Amino acid sequence: MELNRCAYTILGILRARNSTDKVHGLTVNEISEREKVSKPNTIHKKIKELQTEGYVQEGVKAGKAKTYYMTEKGTSILPIKKEDNENV
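On a predicted model such as this, the values are computed, not experimentally measured, just so you know. (Residues numbered from 1 in each chain as written. Predicted model: local features only at pLDDT ≥ 70, side-chain atom pairs only at ≥ 80, totals over all residues. Heavy atoms only, no water.)

Caption draft 1: The overall build of the protein, seen in detail. A count of helices and strands for the protein gives 5 helices and 2 strands. Going from N to C terminus, the protein has its helices and strands arranged as α-α-α-β-β-α-α. Among the 88 residues that make up the protein, the fraction classed as buried is 35%. Across the protein, contacts joining residues at least 24 apart in sequence account for 50% of those joining residues at least 6 apart. With the model as given, the accessible surface of the protein reaches about 5,800 Å², and the carbon-plus-sulfur share is 48%. (Helix = DSSP H or I, 4+ residues; strand = E, 2+ residues; numbered from the N terminus. Buried < 20%, exposed > 50% of the residue type's maximum accessible area, 1.4 Å probe, protein only. Contact = heavy atoms within 4.5 Å. Areas by Shrake-Rupley, 256 points an atom, 1.4 Å probe, with all protein chains shown as cover.)

Below, the structure written as structure tokens:
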């Protein structure tokens, strides 16, 4: 699967919010508030695609809403941020 801009943005939001385990996942609405371009339904569909590919997994529930977090595979596909590269 080739990732599009929306998928990379979702992964970037998850990384920026340290959503890398079940407890620290974000809901679709929380991701949508930060993404600001796509509708929540579009984000949900893209998360399901990312989940199928193993980049994202379901976390614990936040009320009635499911949360999602980025897996190691998802982390590895993102480019290294410039700030991270400068610290190496």
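Still more ground to cover, so stick around.
Caption draft 2: Expanded view of helix α3 (residues 40-53). Taking 1.5 Å of rise per residue, the 14 residues of α3 would be expected to cover 20 Å, and the 20 Å separating its terminal C-alpha atoms lies within 8% of that figure. The secondary structure elements touched by the buried residues of α3 are α1 (5-16), α2 (28-35), β1 (56-58) and β2 (68-70). Taken from the residues just after α3, glycine 54 is the one with a positive phi, measuring 90°. (Expected span 1.5 Å × (residues − 1).)

Caption draft 3: The nonpolar core, seen in detail. Residues Ile10, Leu11, Leu14, Ile31, Ile47, Leu50 and Val56 are the most contacted members of the largest nonpolar core, which totals 18 residues. When residues in this core are grouped by element, the largest group, 6 residues, is from α1. For isoleucine 10, the residues in contact, after removing those within four places along its chain, are Ile31, Ile43, Lys46, Ile47 and Leu50. (Core = buried A, V, L, I, M, F, W, Y, C linked by side-chain atoms within 4.5 Å.)

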